[in-house]
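Chain by chain, the residues:
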Amino acid sequence: MDGWQRVFVLHGRPYSETSLLLDLFTENEGRISVLAKGARSRRSNLKGCLQPFTPLLVRWSGRGAIKTLRDADPISLALPLTGSVLYSGLYINELLSRVLEQGTAYPALFFDYLQCLQVLAASEHTPEYALRRFELALLANLGYGVDYLHCAGSGEPVADMMTYRYREEKGFIASLVVDHYSFTGRELKSLATREFPDSATLKAAKRFTRIALKPYLGGKPLKSRELFRQLVRQKPEQKEN
């Protein structure tokens, strides 16, 4: 790639004695892997900037599965994620690393990701709102085309007080059964707009995104959730992502 591209580091790990293998989320090419040669050496000017949550301009080369990093410049300082909000940022990074295919462009999702990080960094609201909105945006970008506003059985618009049970690959069907897969019409409308006016709609969004993301994540647990559970055990007032 000859030109510069806006990217974020999702994850990095040591490679050989002085290099880094990085998982990047790029604006125009989606998720890619790059080798940053010598980035861990004492003389490297890249050592401090190749970190998660730092907006970067990057150039790389190569046509294989692993590209070679050529240049990287920070656009600004790292977004200030600390405490429980840091775990929320690690969570969305791990989600992207796990569910996005390499080399598939998601330009709209890139800005959803940036907006989520900015909201988390502002710390004006509980992280739950930003996380649920991002998860729903991720599902939409993955082609998850569920209709929240109509009963999949009758085609009728959902009614606020009616209960609808989610059925994979079909949608929401009116039902008298109330269980983990059941949602009210009001909750479904909040999913459609990605707005959560109260704790009930926010909890419903978390329940639904867990259900919908499970097939993409498989049986392997998320490391960021386990790290957050450890934090919760130390500070019981925190809520899991």
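Residues numbered from 1 in each chain as written. Predicted model: local features only at pLDDT ≥ 70, side-chain atom pairs only at ≥ 80, totals over all residues. Heavy atoms only, no water.

> Explain the layout of surface pockets to me, using residue names and the numbers behind them.
In this structure, the largest pocket occupies an estimated 470 Å³ of space. Looking at the largest pocket, it is lined by 18 residues, and the ones nearest its centre are Leu10, His11, Glu94, Ser97 and Lys223. Elements represented by at least two residues in the lining of the largest pocket include exactly β1 (5-15), β2 (19-26), α1 (83-99) and α6 (223-234). With 5 residues, α1 is the single largest residue contributor to the lining of the largest pocket. Both of domain 1 (5-74) and domain 2 (83-233) provide at least three residues apiece to the lining of the largest pocket. (1 Å grid on protein atoms, 1.4 Å probe; cavity = no way out; pocket = protein on both sides within 12 Å on 5 of 7 lines; lining within 4 Å. Points joined across faces, edges and corners; volume = space filled by probe spheres on them. Helix = DSSP H or I, 4+ residues; strand = E, 2+ residues; numbered from the N terminus. Domains from an automatic or database assignment.)

> Lay out helix α5 (residues 199-217) in plain terms, naming residues and giving numbers.
End to end, α5 covers 26 Å across 19 residues, agreeing with the expected 27 Å (1.5 Å per residue, within 8%). Listed in full, the buried residues belonging to α5 are Thr201, Leu202, Ala204, Ala205, Phe208, Thr209, Ile211, Ala212, Leu213 and Leu217. The inward-facing, buried residues of α5 contact α1, α3 (127-141), β6 (163-167), β7 (171-174), β8 (182-184) and α4 (185-193). The N-terminus of α5 is capped by Asp198, whose side-chain oxygen sits 3.3 Å from the backbone nitrogen of Ala200. Note on α5: the residue one or two positions beyond its end, Gly218, has a positive phi of about 70°. (Expected span 1.5 Å × (residues − 1). Buried < 20%, exposed > 50% of the residue type's maximum accessible area, 1.4 Å probe, protein only. Contact = heavy atoms within 4.5 Å. Polar contact = N/O pair within 3.5 Å; in protein donor to acceptor, adjacent residues only side chain to side chain.)

> Any chance you could break down unusual backbone geometry for me, citing the residues and the numbers?
The backbone of Ser16 shows a phi angle near 60°, a positive value even though the residue is not glycine. Its place among the elements puts Ser16 in the loop between β1 and β2. Located in the positive-phi region is Arg194, a residue other than glycine, with phi close to 60°. In this fold, Arg194 is placed in the loop between α4 and α5.

> Quick rundown of the pattern of salt bridges? Include the residues and the values.
Applying the stated rule across the entire model yields 10 salt bridges. Where Glu27 meets Arg6, a salt bridge forms, and the shortest distance between an N and an O atom there is 2.8 Å. In this pair, Glu27 is assigned in the loop between β2 and β3 (30-36) and Arg6 in strand β1, connecting sequence segments 21 residues apart. (Salt bridge = Lys/Arg side-chain N within 4 Å of Asp/Glu carboxyl O.)

> So, the pairing of β7: which residues are in play, and what are the values?
Relative to β7, β6 runs antiparallel, the two sharing 4 bridges. For Arg165, the partnering residue across the bridge sits in β7 and is Ile173. In this antiparallel pair of consecutive strands, β6 and β7, the connection spans 3 residues, and Glu169 shows a positive phi of 70°. (Pairing = 2+ DSSP bridges.)

> Can you lay out the UniProt feature "domain: DNA replication/recombination mediator RecO N-terminal" (unreviewed entry) in the protein for me, pointing to particular residues and giving the numbers?
Mapped onto this numbering, the UniProt entry gives "domain: DNA replication/recombination mediator RecO N-terminal" (unreviewed entry) at residues 5-76. Helix and strand shares over residues 5-76 are 0% and 57% respectively, and the end C-alpha atoms of the span are 14 Å apart. (UniProt positions renumbered as here; feature names shortened; annotations may be inferred.)

> Requested: an account of the domain arrangement of the protein, with residues and values cited.
The domains assigned to the protein are domain 1 (5-74) and domain 2 (83-233). Using C-alpha coordinates to define each centre, domain 1 is positioned 29 Å away from domain 2. With 18 residues of domain 1 at the contact, the number on the domain 2 side is 20 residues. Summing the contributions of domain 1 and of domain 2, the shared interface buries around 1600 Å²; its carbon and sulfur component is 65%. Area buried by domain 1 at its contact with domain 2 is led by Phe25, Arg31 and Phe53, which between them contribute 46% of it. For the interface between domain 1 and domain 2, the tally reads 0 salt bridges. The tally of links between domain 1 and domain 2 comes to 5 residue pairs in polar contact (both at pLDDT 80 or more). Taken together, the elements giving at least two residues each to the side of domain 1 that touches domain 2 come down to β1, β2 and β3. (Buried area = accessible area lost by both parts, 1.4 Å probe.)

> I'd like a rundown of helix α2 (residues 107-122), residues and numbers included.
With 16 residues, α2 extends 23 Å from end C-alpha to end C-alpha; this agrees with the ideal 22 Å at 1.5 Å per step. For α2, the complete set of buried residues consists of Leu109, Phe110, Tyr113, Cys116, Leu117, Leu120 and Ala121. Relative to the axis of α2, the buried residues are bounded by an arc of 130° and lie together on one face. Taken from the residues just after α2, Ser123 is the one with a positive phi, measuring 55°. (Arc of directions from axis to C-beta.)

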